[in-house]
Amino acid sequence: MAGVGGSVHQQVSNGPHHPAPAIPDDISYWDGDGATGSPLIKIQRKEQKALFYKGGVLVGVSKISSGSEDHATPPGQYKITQKSKDHKSSLYGVFKDKTTGMMTNDNVDVRVDKPKPNEIYYAAPMPNFMRFAGGIGMHTGYLPGYAASHGCIRMPHHMSEKFFENVELGTPVIVE
């Protein structure tokens, strides 16, 4: 979340505010622009993949980072309940020094962490947010190569854009 609350000074391939994936992405693809039919998303936690179907045909696969052991993404059958293009977390973010702008804490949970007088809080950006289970959704995010989120499904930016463009409220999401 190095780019949270200020400009990003390096080129990144995983969208605004998010560093490039830790390992190459040789999995993700999209072939659904001409496809028709009802959308369906399957999240495969063990394989760290999201599968997008239209009319029962697989049209896209995305590398993901699901919830960590301490914040597991819950298995089950859900539906998309909210779409927010420029969403920000209500719980997680970073603290930066008010004077220097330097990061002082890059893993803030507002329920636990409180800023010092010289710090300011910036909410974590979650571009292309697609809520499906309480506070959990899919969105652009950092991919370290393993399950590492607070429960959400992080995706490469280009894939979160395709999923976001092709889901509607009520789209089924199956988390395995």
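Small disclaimer: the values here were computed from a predicted structure and weren't measured.

A. Highlighting the nonpolar core. With 21 residues, the main nonpolar core has Ile 43, Phe 132, Met 138 and Phe 163 as its most contacted residues. Mapped by element, the contributors of at least two residues to this core are β2 (39-44), β3 (49-54), β8 (119-133), β9 (136-140), β10 (153-155), α1 (157-166) and β11 (172-175). Not counting residues up to four positions away in its chain, the partners in contact with Phe 163 are Trp 30, Ile 41, Ala 50, Leu 51, Phe 52, Ser 62, Met 130, Met 138 and Met 155.

B. Representation of the packing of aromatic side chains. Using the criterion set out here, one finds 5 aromatic pairs in the structure. On the basis of an interplanar angle of 55° and a centroid distance of 6.2 Å, the ring pair of Trp 30 and Phe 163 is categorised as tilted. Taken together, the positions of Trp 30 in strand β1 (residues 29-30) and Phe 163 in helix α1 put the pair 133 residues apart, joining distant regions of the chain. You'll find Trp 30 and Phe 163 in the same group, each marked buried. Judged by centre distance (6.2 Å) and plane angle (75°), the rings of Phe 95 and Tyr 121 are edge-to-face. Of this pair, Phe 95 sits in strand β6 (residues 82-97) while Tyr 121 sits in strand β8, and the two are 26 residues apart along the sequence. Taken together, the aromatic side chains of Trp 30, Phe 52 and Phe 163 make up a single cluster linked through ring pairs. For Lys 83, the ring lying beneath its charged end belongs to Phe 164, and the centroid distance is 4.6 Å.

C. Representation of the environment of Gly 141 within the structure. Structurally, Gly 141 is set in the loop between β9 and β10. Taking the C-alpha atoms as reference points, Gly 141 and Ser 84, 57 residues apart in sequence, are found 15 Å from one another.

D. Focus on the sheet that holds β10. Pairing within the open sheet is mixed, and its 5 strands lie in the order β7-β6-β8-β9-β10. Single-partner strands in this sheet number two, and they are β7 (103-109) and β10. When the angles between neighbouring strand axes are averaged without regard to direction, this sheet yields 40°. Bridge analysis of β8 against β9 gives 3 bridges, and the strand direction is antiparallel. Residue pairing in the sheet places Arg 131 in a bridge with Gly 137 of β9. Across the sheet, α1 lies against β6, β8, β9 and β10, angled at about 50° from β8, the strand it touches most.

E. Quick look at the pattern of salt bridges. Within the structure shown, the criterion is met by 3 salt bridges. A salt bridge links Lys 162 to Asp 33; its shortest N-O distance comes to 3.2 Å. Taken as a pair, Lys 162 in helix α1 and Asp 33 in the loop between β1 and β2 lie far apart in primary sequence, 129 residues in all. For Lys 162, a relative accessible area of 21% puts it in the partly exposed group. On the basis of relative accessible area, Asp 33 is assigned to the exposed category, the value being 56%. Asp 109 is the partner of Arg 111 in a salt bridge, and the nearest nitrogen-oxygen pair spans 2.9 Å.

F. Here's a closer look at the side chain of Ser 66. Looking at where Ser 66 falls in the secondary structure, it is placed in the loop between β4 (57-63) and β5 (76-79). Look at Ser 66 and you get buried, because its relative accessible area is 2%. A distance of 2.8 Å separates polar atoms of two side chains, one belonging to Ser 66 and the other to Gln 48. With near-sequence residues (within four places) excluded, Ser 66 lies in contact with Arg 45, Gln 48, Thr 73, Ala 147, Ala 148, Ser 149, Cys 152 and Ile 153.

Conventions used here
- Residues numbered from 1 in each chain as written.
- Predicted model: local features only at pLDDT ≥ 70, side-chain atom pairs only at ≥ 80, totals over all residues.
- Heavy atoms only, no water.
- Core = buried A, V, L, I, M, F, W, Y, C linked by side-chain atoms within 4.5 Å.
- Buried < 20%, exposed > 50% of the residue type's maximum accessible area, 1.4 Å probe, protein only.
- Helix = DSSP H or I, 4+ residues; strand = E, 2+ residues; numbered from the N terminus.
- Contact = heavy atoms within 4.5 Å.
- Phe/Tyr/Trp six-rings, centres within 6.5 Å; stacked < 30°, edge-to-face > 60°.
- Lys NZ or Arg CZ within 6 Å of the ring centre and 35° of its normal.
- Pairing = 2+ DSSP bridges.
- Axes fitted to C-alpha atoms, helices over the stretch in contact; angles between N-to-C directions.
- Salt bridge = Lys/Arg side-chain N within 4 Å of Asp/Glu carboxyl O.
- Polar contact = N/O pair within 3.5 Å; in protein donor to acceptor, adjacent residues only side chain to side chain.

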